[in-house]
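Below, each chain spelled out in residue letters.
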Amino acid sequence: MEARDKLSTKENFLSLIGLQTEFIDDCKKDIQNLKDSEGKGIQLYSLPNIEVIQNKYETILMYEYDNLLATYSMGENIDKILPLYKEIVSFMDIAWKKDNGYILMVNMLSIGILLDVEDTIFNKLAMIVQKDKPNDFLINYLLHHICKIDVSPNTDNFLFPRPYAVTKEIILFAEKDKMSSVKRLKKYLSQEWYRGHSDCGWHNIHKINVFAHSGYWSFESGALVKVLGLDDSSLKGLPYYPYDMVHWNDIK
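Residues numbered from 1 in each chain as written. Predicted model: local features only at pLDDT ≥ 70, side-chain atom pairs only at ≥ 80, totals over all residues. Heavy atoms only, no water.

1. What to know about unusual backbone geometry
In terms of backbone geometry, most residues other than glycine have negative phi values and most peptide bonds are trans.
Working step 1: In this model, Arg162 is joined to Pro163 through a cis peptide bond whose omega is 10 degrees.
Working step 2: Positive phi values are uncommon outside glycine, yet Asn204 reaches one of about 65 degrees.
Working step 3: Take Asn204: it is sitting in the loop between α9 (178-192) and α10 (205-208).
Working step 4: Of note, Tyr240 is a non-glycine position whose phi angle comes to about 80 degrees, a positive value.
Working step 5: Note on placement: Tyr240 falls in the loop between α11 (219-228) and α12 (243-246). (Helix = DSSP H or I, 4+ residues; strand = E, 2+ residues; numbered from the N terminus.)

The following block contains the structure:
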C-alpha cells in the first residue's frame, strides 16, 4: 500500500488514527458518564453537563473526519472509507454547525458524490444544512444535483469565497466548453486551493508537526469532475486532487 499523500508516511497516518481513535473512545465514555450524571442531577464541570456533552460530540466529529482523511491519505482501499463516512454522518446531526463546519460539509457532500452513497444519506445531510441555512452557492449546488430535496443553487453567496468562489467559474465554463473548465480547475488545484486555506488550523501542519498531518484533499474538485462529466486525465497525480476516489468504481 503506497501513501497517496506524499507529505507523510503510512506509519505516521496509522499512528495518528490510533491516537485519535483512543481520544474518540474516551470522549464516548465521558459522554455516557455526563448523561448518567445529568440524570442524577449532578453537575460535573463549571459548564452545564449538556453543553459539555455537545462539546464532546463536536470533538468526536472532528477526530472521526480526520481519521477518514488519514485513511485515504495512507493509501487504504476506497471500500474502507465508506463505513468511516457513514459514522461521521451519524454525528453531524448532533455536532455540525455552519459557523465552524463549512469545509466539513462541502467535503462530506463531495465524498458522498464520489462514493455513490445512498439517497438517504444525502437527504440527511440536506436536512442538517436546512436547519442552519448557510445559503452558500457550492453547498446548494452539490445538494441540488444529488438530493431529492429541492435546494436552489441560485445564489452568488459564498460563506468562504477564498478559495471556493472559483468553483462557480469552473461550473460556468463547463456549460460552454468542458476543456476550459478542466483548465480552470487545474489552476484552482495548482495555485489557489491550498493557498486559499492559509487561515485554517491545518494549513502547513505537515511542516509544524508531521505526525498531526492527516492529508490535504480538494474533494469538491473531484465531485465537480463527476457532476460536470469532465475529463480529468490531465489532473491525475496533481497534489490535492483525489483521483483514486473519483475513479474507484472504474478500477474495482
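Now that the structure has been shown, we can carry on.
2. Digging into a nonpolar patch on the surface
Working step 1: A cluster of nonpolar side chains, contributed by Ile42, Leu44 and Tyr45, occupies part of the molecular surface with about 270 Å² of accessible area.
Working step 2: Within the element layout of this structure, Leu44 appears in the loop between α1 (10-39) and α2 (49-73).
Working step 3: Judged by relative accessible area, which is 36%, Leu44 ranks as partly exposed. (Patch = residues over 30% accessible without salt bridge, like charges linked within 9 Å, V, L, I, M, F, W, Y side chains within 5 Å. Areas by Shrake-Rupley, 256 points an atom, 1.4 Å probe, with all protein chains shown as cover. Salt bridge = Lys/Arg side-chain N within 4 Å of Asp/Glu carboxyl O. Buried < 20%, exposed > 50% of the residue type's maximum accessible area, 1.4 Å probe, protein only.)

3. What about α9?
Working step 1: Between its first and last C-alpha, α9 extends 20 Å over 15 residues, near the 21 Å set by a 1.5 Å rise per residue.
Working step 2: Those residues of α9 not exposed but buried are Ser181, Val182, Arg184, Leu185, Tyr188 and Leu189. Taken down its axis, α9 places every buried residue within 165 degrees of arc, on the same side. Within α9, the exposed residues directed more than 90 degrees away from the buried face are Met179 and Lys183.
Working step 3: Buried residues belonging to α9 abut α7 (161-164), α8 (166-176) and α11.
Working step 4: For α9, the capping residue at the N-terminal end is Asp177, with a side-chain oxygen 3.1 Å from the backbone nitrogen of Met179. (Expected span 1.5 Å × (residues − 1). Arc of directions from axis to C-beta. Contact = heavy atoms within 4.5 Å. Polar contact = N/O pair within 3.5 Å; in protein donor to acceptor, adjacent residues only side chain to side chain.)

4. Side note on the environment of Lys131
Working step 1: Topologically, Lys131 is positioned in helix α5 (residues 119-132).
Working step 2: Overall, the relative accessible area of 55% leaves Lys131 in the exposed class.

5. Examining the pattern of salt bridges
Working step 1: All told, the structure shown has 11 salt bridges when counted by the stated rule.
Working step 2: With a closest N to O distance of 3.4 Å, Lys97 and Glu58 form a salt bridge. Taken together, the residues Lys97 in the loop between α3 (81-95) and α4 (98-115) and Glu58 in helix α2 connect sequence positions 39 residues apart.
Working step 3: Note on Lys97: relative accessible area 38%, which makes it partly exposed.
Working step 4: Classification of Glu58 as partly exposed rests on a relative accessible area of 21%.
Working step 5: Each member of the salt-bridge network shares a partner with another, and the members are Glu169, Arg184 and Glu192.

6. Some thoughts on the confidence of the model for the chain
The predicted structure's coordinates, where accompanied by low pLDDT, should not be read in detail.
Working step 1: Looking at the chain, pLDDT values average 92 and 96% of them are 70 or higher.
Working step 2: Per-residue pLDDT, averaged within each element of the chain, yields its smallest value for α5 (86) and its largest for α9 (98). (pLDDT = per-residue confidence, 0-100.)

7. Thoughts on the environment of Asp26
Working step 1: Note on placement: Asp26 falls in helix α1.
Working step 2: Expressed as a C-alpha distance, the spacing of Asp26 and Met245, which sit 219 residues apart in the sequence, is 31 Å.

8. Focus on the side chain of Asn12
Working step 1: Its place among the elements puts Asn12 in helix α1.
Working step 2: Of the polar contacts made by the side chain of Asn12, one reaches the side chain of Ser8; its length is 3.1 Å.
Working step 3: Apart from the residues within four sequence positions on either side, Asn12 is in contact with Val210 and Phe211.

9. Thoughts on the packing of aromatic side chains
Working step 1: Taken as a whole and judged by the stated rule, the model has 15 aromatic pairs.
Working step 2: With 5.4 Å between their ring centres and 75 degrees between their planes, Tyr102 and Tyr164 make a pair best called edge-to-face. Of this pair, Tyr102 sits in helix α4 while Tyr164 sits in helix α7, and the two are 62 residues apart along the sequence. Neither residue differs from the other here; Tyr102 and Tyr164 are each classed as buried.
Working step 3: Their ring planes at 25 degrees and their centres at 6.0 Å tell us that Trp193 and Trp202 sit as a pair that is stacked.
Working step 4: Residue Trp193 is classed as buried on the basis of its relative accessible area, which comes to 3%.
Working step 5: By relative accessible area, which is 29% here, Trp202 ends up partly exposed.
Working step 6: Three or more aromatic residues joined by ring pairs form one cluster here, namely Trp193, Tyr194, Trp202, Tyr216 and Tyr240. (Phe/Tyr/Trp six-rings, centres within 6.5 Å; stacked < 30°, edge-to-face > 60°.)

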